[in-house]
Amino acid sequence: MSRTFLGLPRHGDGGFPAAAHEALADSQLRRNLHKATTTIRAKRSAVVGELPDWEALRDAGAAIKERTLRHLDVHLERLEQAVTERGGTVHWARDAAEAGRIVGDLVARTGSREVVKVKSMATEEIGLNDSLAERGISAYETDLAELIVQLGHDTPSHILVPAIHKNRSEILEIFRREMPSVPADLTDDPRALAMAARQHLREKFLSTRVAVSGANFAVADTGTLAVVESEGNGRMCLTLPDTLISVVGIEKVVPSWEDLEVFLQLLPRSSTGERMNPYTSLWTGVTPGDGPQEFHLVLLDNGRTRVLADTVGRQALNCIRCSACLNVCPVYERTGGHAYGSVYPGPIGAILTPQLIGVENAPTLPYASSLCGACYDVCPVKINIPEVLVHLRGQVVEHKRSARTPSPEGVAMAGLAWVLADPARLERAQRLGRRGAGLLGRDGRIARLPGPLGGWTDSRDVPAMPPESFREWWRRERLGDA
Amino acid sequence: MSAREEILGRVRQALVDVPASDSTEVPRDYRRSLGIDRAAVLDLFAETVSDYRATLHRSAPDQIASAVAAILAGQGITRLAVPADLPDDWLPDDLDVVVDDGRLGAGDLDAVAGAMTAAAVGIAQTGTLVLDAGARQGRRLLSLVPDYHLCVISADDVVGSVPEALGRLDPVRPITLISGPSATSDIELSRVEGVHGPRTLDVLLVE
Ligand code: SF4
């Protein structure tokens, strides 16, 4: 199996806990996140409440996705055929490097050294901007939030609102520093900032000959691709250039045109909390005289077939990237997206990333959850995220057991098993434990366990040992030999 | 082995647990129509369109030109780009019209204040206009590049639900669903209308 690149690790060796710890110390970040997630949550539940058939739509969405995945090869071949018949060209990419190479070659062939980009998780995942830069091709992000992230030399922290961790004054500072055309009297008013971005990008839209996008859905029967967006930057990229290159994960395929009627209802309401997003573009191959005259579809594996092979974890590929699960997750709300160290943050990231790159490479992510189940309840395609988390935790433990150096928990648990196996040993251990009264915090709780177990008490207290064990009490009271 | 063969091979390998006879039924118990009458559908359309900060106007079929004149006067717009097949009697006499014969470039349209097109379908449930590059709609860039869009839709083309709308469309056409003017909420979630597409959307419902 080829190595899957997923932009990991973006943080140090401590994985999620270390990154989360850092994020928790940033009170500005926590305020921004709290405001954002509560606002989107309220909007979502209001528009979902408008649809009496919401549960029926979820059932349909989940079933369509499940059925498609179970015959993915058939649907991919149909998609390829339909796109080709309509004048498009289909390419297949095993991993990030191959996808980057294909896109780079296609751009180079046009003679252009610039591309405009529609926000896309897939291109983010394969680090396309960097691989194009290595070939001297500049990629311009055109979604406002992605632009803020790109100009700020930063990484996205949310699927839907990637710059949610930045407030208006931080954005003003970035624009002043990075945008040559910015008016001298620009203020931090969101409208003024958005208009500065409009100004900045308009010239790019009108002059750039190549665009790169992702897609939310790809219809196998008809070869139709769909991009759902708000700002019009998507329409600009999908309409004005001569050449359009779309990088699409193999799990984005849906069998028929009819299936879109389900997802075009589920996605906007779950995502932005709107009845419908301002713009949805649907295109099939090329249309003479209207829009790009050259269309390339790059179908991306990059670990997806590895996910598909896990009969429990496979459901993570149902994901339509609405981000509803991020907004209800108590862990995400406090840590933000960067702590997950991947382009896929929040609950979906906690199950998707470890599967895409192998649990051994992201062993802390399946623990980045309280298993409260809120993510499962909001998921429009009914991915049982808690179930997959527990399943992956099992794989992490399994992996650690087979690894050569035992983990601290492994040692501690083995020791505990030895102690518990023999009553005399247990009593000795209990007496020893009490002697460790130096561990006690002021309120009679152990605030920090010594050694490798300290990590466990970083976020919780352990009740102190009682002064006498039950066995000791029994002997003293009933047998009189205390 | 080609990437194509390898990926399809991996997919098949990953699905060895799926029996050949497998067929998961897709339950489609969701609503196909809203179950309300025509008048209610049109009222709902008016309401949802306005909710998205587009402005809804109504007119009789023989009053379109005067309705258009009034709307454009309100916007202070005197020059519009239109598709070649837009009916002449939709256009007020004193309007300066740029006809898209298929050769206008994005730069030409950038210099025009606005565009006027028809729509193929309207969706009441979501306040959406659907353009499919069909009759009276022109190419996609026409309703995209200018800062203002006036969209004329016949009451006959307004349906209740998303499934009804998709059922009327031909997937091989380039299709754009428009729900209100373009908007962003990327800066502290404050909604700002009009980032790249038209900043203002007027809808004229003809009944
Ligand atoms: S897992 Fe479900 S809720 Fe989360 S982003 Fe994907 S589709 Fe949305």
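Asks: Pulling in residues and values, what's your account of the overall build of chain B?
Replies: The number of helices and strands found in chain B is five helices and twelve strands. Over its C-alpha trace chain B gives a radius of gyration of 21 Å, far above what one expects of a compact globule, namely 17 Å for 207 residues. Counting only C-alpha atoms, chain B reaches 70 × 45 × 40 Å along its principal axes. Scored against the burial criterion, the 207 residues of chain B give a buried share of 57%. For chain B, the proportion of contacts with a sequence separation of at least 24, taken over those separated by at least 6, is 73%. Summed over its atoms, the accessible surface of chain B is roughly 8,100 Å², and 48% of this surface lies on carbon and sulfur atoms.

Asks: Residues and numbers for helix α4 (residues 72–85) of chain A, please.
Replies: All names here are of chain A. Spanning 14 residues, α4 covers 20 Å between terminal C-alpha atoms, matching the ideal 20 Å at 1.5 Å per step. Along α4, the positions that sit buried rather than exposed are Leu72, Asp73, His75, Leu76, Leu79, Glu80, Ala82 and Val83. Gly87 sits one or two positions beyond α4 and adopts a positive phi of about 90°.

Asks: How would you explain the layout of surface pockets if you had to name every residue and give the values?
Replies: In this structure, the second largest pocket encloses a volume near 980 Å³. In this structure, the second largest pocket is lined by 48 residues; those nearest its centre are Leu160, Val228, Ser230, Ser271 and Thr272 of chain A. Where the lining of the second largest pocket is concerned, the elements lending two or more residues are α2 (27–49), α6 (121–125), β6 (224–229), β7 (243–249) and α12 (260–271) of chain A together with β10 (183–184) of chain B. By residue number, the principal contributor to the lining of the second largest pocket is α2 of chain A, which donates four residues. Among the residues forming the lining of the second largest pocket, the class breakdown is 20 nonpolar, 13 polar and 15 charged.

Asks: Mind laying out the nonpolar core, listing which residues take part and the relevant values?
Replies: In terms of nonpolar packing, the biggest core is built from 155 residues, with Leu72, Leu76, Phe175, Leu297 and Ile351 of chain A touching the most fellow members. Non-local contacts of Leu76 of chain A, meaning those with residues more than four positions away in its chain, are made with Trp92, Ile250, Val253 and Leu299 of chain A together with Leu8 and Val11 of chain B.

Asks: Any chance you could break down the interface of chain A and chain B for me, citing the residues and the numbers?
Replies: Counting residues at the interface gives 94 residues for chain A and 74 residues for chain B. With both sides pooled, the region where chain A packs onto chain B buries about 7,400 Å², and carbon together with sulfur makes up 57% of that total. A per-residue breakdown of the area chain A buries against chain B is headed by Arg94, Arg198 and Arg275 of chain A, which together make up 9% of the total. For the pair chain A and chain B, the number of links is 19 salt bridges. In this structure, Arg12 of chain B and Asp73 of chain A form a salt bridge, with 3.0 Å as the shortest nitrogen-oxygen distance. Our count for the contact surface shared by chain A and chain B stands at 41 residue pairs in polar contact (both at pLDDT 80 or more). Broken down by element, the residue count for the side of chain A that touches chain B peaks at eleven residues, all from helix α10 (residues 190–207) of chain A. When grouped by side-chain class, the residues that make up the side of chain A that touches chain B number 46 nonpolar, 21 polar and 27 charged. Sheet topology places strand β9 (residues 279–284) of chain A next to strand β9 (residues 175–178) of chain B; four bridges connect them, and they run antiparallel. Paired with Tyr279 of chain A across the bridge in β9 of chain B is Ile178 of chain B.

Asks: If you had to explain the side chain of Gln265 of chain A to someone new, which residues and values would you point to?
Replies: For Gln265 of chain A, the position within the fold is in helix α12. A polar side-chain atom of Gln265 of chain A sits 3.1 Å from the main-chain carbonyl oxygen of Glu261 of chain A. Every residue in contact with Gln265 of chain A, bar those within four places of it in the chain, is listed here: Leu51, Trp54 and Leu57 of chain A together with Gln125, Val162 and Pro163 of chain B.

Asks: Describe the pairing of strand β10 (residues 294–300) of chain A, listing the residues and the values that go with them.
Replies: Residues and elements named next belong to chain A. Burial analysis of β10 places six of its seven residues in the buried class, which makes it a mostly covered element. Pairing between strand β1 (residues 88–93) and β10: six bridges, direction parallel. Residue pairing across strands places Ala93 opposite Leu300, the latter belonging to β10. Sheet analysis places β7 next to β10, joined by seven bridges and oriented parallel. Residue pairing in the sheet places Val247 in a bridge with Val298 of β10.

Rules used throughout
Residues numbered from 1 in each chain as written. Chains lettered and ligands numbered in written order. Predicted model: local features only at pLDDT ≥ 70, side-chain atom pairs only at ≥ 80, totals over all residues. Heavy atoms only, no water. Helix = DSSP H or I, 4+ residues; strand = E, 2+ residues; numbered from the N terminus. Rg over C-alpha atoms; globule rule 2.2 N^0.38 Å. Buried < 20%, exposed > 50% of the residue type's maximum accessible area, 1.4 Å probe, protein only. Contact = heavy atoms within 4.5 Å. Areas by Shrake-Rupley, 256 points an atom, 1.4 Å probe, with all protein chains shown as cover. Expected span 1.5 Å × (residues − 1). 1 Å grid on protein atoms, 1.4 Å probe; cavity = no way out; pocket = protein on both sides within 12 Å on 5 of 7 lines; lining within 4 Å. Points joined across faces, edges and corners; volume = space filled by probe spheres on them. Nonpolar A, V, L, I, M, F, W, Y, C, P; charged D, E, K, R; others polar. Core = buried A, V, L, I, M, F, W, Y, C linked by side-chain atoms within 4.5 Å. Buried area = accessible area lost by both parts, 1.4 Å probe. Salt bridge = Lys/Arg side-chain N within 4 Å of Asp/Glu carboxyl O. Polar contact = N/O pair within 3.5 Å; in protein donor to acceptor, adjacent residues only side chain to side chain. Pairing = 2+ DSSP bridges.

All quantities given are derived from atomic positions and should not be read as evidence of function.
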